[in-house]
Amino acid sequence: MDKILERLSFYAVTEVDKPLRTMTTLRIGGNAKYVVYPETYVAIDGIFRIIEENQLPFKVIGKGSDLLCSDDEFEGIVICLDRFFNHQYFDGNDLVAEAGCSIISLSTEAMKRGLSGLEFASGIPGTVGGCLFMNAGAYNISMKDVVKEVLVYRDHQLTWLPVSECDFSYRHSIFQTNKNWLILGVRYGLTPKPKEEIEALMDSRRKRRVDSQPLNFPSCGSVFKNPEGHNAWQLIDGIGYRGKQIGGAMVSDKHCNFILNVHKATALEYLTLIEEIQREVKNKYNIDLKMEVEKFNWK
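Only a predicted model underlies this, so the values are computations on that prediction, with no experimental measurement involved.

1. Let's talk about the overall build of the protein
Turning to step 1, where the next piece is worked out: Each helix and strand in the protein was counted, giving seven helices and 18 strands.
Turning to step 2, where the next piece is worked out: In terms of C-alpha radius of gyration, the protein reaches 20 Å, essentially the compact-globule figure of 19 Å for 299 residues.
Turning to step 3, where the next piece is worked out: Every one of the 299 residues in the protein was classed for burial, and the buried ones make up 52%.
Turning to step 4, where the next piece is worked out: The long-range fraction of contacts in the protein, counting pairs at least 24 apart against all pairs at least 6 apart in sequence, stands at 64%.
Turning to step 5, where the next piece is worked out: By element, 47% of the accessible surface of the protein is carried by carbon and sulfur atoms, the whole surface being about 14,000 Å².
Turning to step 6, where the next piece is worked out: Considering the protein, the positive charge centre built from 36 side chains and the negative charge centre built from 39 side chains are found 4 Å apart.

Below you can see the structure in the form of structure tokens.
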């Protein structure tokens, strides 16, 4: 047996040569050599020791909702947290949650308890860890507005990092520049509010999302960040790319900041369309469109 596989299997359920396209909402990506599903903090520490001893690349994912993986093989370890690291605890007005929790499920549970603060996240198809990593947001609210502290694994230690030290800004966090750190949990500070008010707001936003976003094909949500003073979708519409298609990748004709996988798109087709849009927007508006989606395993 492969020695690395044997050691990983001591610590977690381990899969070999698993297609990343089955682990991302975009349904694009080559095979990952190893995928592990740890159940405990001790297991995570053991896995990281194997990573360090063998100098292996690694990637931590939840639901893979904001990833554009290449079609190349990933010769490293993917650590998947959404299978077991999905416990939540309500402590007064605080919500403590592990990194693999669905943010949509958390917002619903908070609503049931009459706690407000996560309504903005009720349509984000990701996990707590991914949302913190990119400081996800909607309706001019983001994670930084409700987070009190983040549980981080770094240098073989668990540390609660206060929100003031997370360097949160628009679609940015300190975790993006410290990729050897692993987000394991969060403490949110929520506010009591009548359940009916919270539910009504979430229902109205759900209807708005269904009406305005393409949900019938695989995607990774908004592809580009909004440049200051502009909406990315309007810039894309302005260059005439609504409905533009390269291979199996297509700009949504419903929301131009969504690029859909309409027919077995390759990673290269998807990225080519992204780069065309960036080039055309730059030529017409002299604006640099920056990707919100994260590229992974590109040479």
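2. Side note on the UniProt feature "domain: FAD-binding PCMH-type" (unreviewed entry) in the protein
Turning to step 1, where the next piece is worked out: The feature "domain: FAD-binding PCMH-type" (unreviewed entry), as annotated in UniProt, sits at residues 28-193 in this numbering.
Turning to step 2, where the next piece is worked out: Between the end C-alpha atoms of residues 28-193 there is a gap of 41 Å, over a span that is 18% helix and 36% strand.

3. Thoughts on the packing of helix α1 (residues 3-11) against helix α2 (residues 41-54)
Turning to step 1, where the next piece is worked out: Packing of α1 against α2 leaves a shortest axis separation of 8 Å and a crossing angle of 165 degrees. Considered as vectors, α1 and α2 are oriented roughly antiparallel to each other. You can see that α1 and α2 cross each other, and the crossing is right-handed. Taken together, the residues of α2 that come into contact with α1 (itself represented by I4, R7, L8 and Y11) are V42, A43, G46, I47, I50, E53 and N54.
Turning to step 2, where the next piece is worked out: Partitioning the contact of α1 with α2 into residue classes produces seven nonpolar, two polar and two charged.

4. Some thoughts on the domain arrangement of the protein
In many reports, interface size means the accessible area that the parts give up when they come together.
Turning to step 1, where the next piece is worked out: As assigned here, the protein comprises domain 1 (3-80), domain 2 (88-212) and domain 3 (232-296).
Turning to step 2, where the next piece is worked out: Inter-centroid distance (C-alpha atoms) of domain 2 to domain 3 is 28 Å.
Turning to step 3, where the next piece is worked out: With eight residues of domain 2 at the contact, the number on the domain 3 side is four residues.
Turning to step 4, where the next piece is worked out: Between domain 2 and domain 3 lies a buried interface of about 410 Å² when both sides are counted; carbon and sulfur atoms form 42% of it.
Turning to step 5, where the next piece is worked out: In this structure, the connection of domain 2 to domain 3 is made through one salt bridge.

5. Points about the environment of L5
Turning to step 1, where the next piece is worked out: Note that L5 resides in helix α1.
Turning to step 2, where the next piece is worked out: We classify L5 as buried; its relative accessible area is 17%.
Turning to step 3, where the next piece is worked out: C-alpha of L5 to C-alpha of K112: the two residues are 107 residues apart in sequence and 43 Å apart in space.

6. Concerning the UniProt feature "active site" (unreviewed entry) in the protein
Turning to step 1, where the next piece is worked out: UniProt marks R171, S222 and E292 with the feature "active site" (unreviewed entry), using the numbering shown here. These residues run over 122 residues, yet every pair of their C-alpha atoms falls within 11.6 Å of each other.
Turning to step 2, where the next piece is worked out: Owing to a relative accessible area of 24%, S222 belongs among the partly exposed residues under this scheme.
Turning to step 3, where the next piece is worked out: In this view, S222 contacts D66, N257, F258, E292 and V293; residues no more than four positions away in its chain are not counted.
Turning to step 4, where the next piece is worked out: Mapped onto the secondary structure, E292 falls in the loop between α7 (267-285) and β18 (294-296).

Rules of the game
- Residues numbered from 1 in each chain as written.
- Predicted model: local features only at pLDDT ≥ 70, side-chain atom pairs only at ≥ 80, totals over all residues.
- Heavy atoms only, no water.
- Helix = DSSP H or I, 4+ residues; strand = E, 2+ residues; numbered from the N terminus.
- Rg over C-alpha atoms; globule rule 2.2 N^0.38 Å.
- Buried < 20%, exposed > 50% of the residue type's maximum accessible area, 1.4 Å probe, protein only.
- Contact = heavy atoms within 4.5 Å.
- Areas by Shrake-Rupley, 256 points an atom, 1.4 Å probe, with all protein chains shown as cover.
- Lys, Arg positive; Asp, Glu negative; His and termini not counted.
- Charge placed at Lys NZ, Arg CZ, Asp CG, Glu CD.
- UniProt positions renumbered as here; feature names shortened; annotations may be inferred.
- Axes fitted to C-alpha atoms, helices over the stretch in contact; angles between N-to-C directions.
- Parallel < 35°, antiparallel > 145°, perpendicular 65-115°, else oblique.
- Left-handed = near helix turned anticlockwise from the far one by under 90°.
- Nonpolar A, V, L, I, M, F, W, Y, C, P; charged D, E, K, R; others polar.
- Domains from an automatic or database assignment.
- Buried area = accessible area lost by both parts, 1.4 Å probe.
- Salt bridge = Lys/Arg side-chain N within 4 Å of Asp/Glu carboxyl O.

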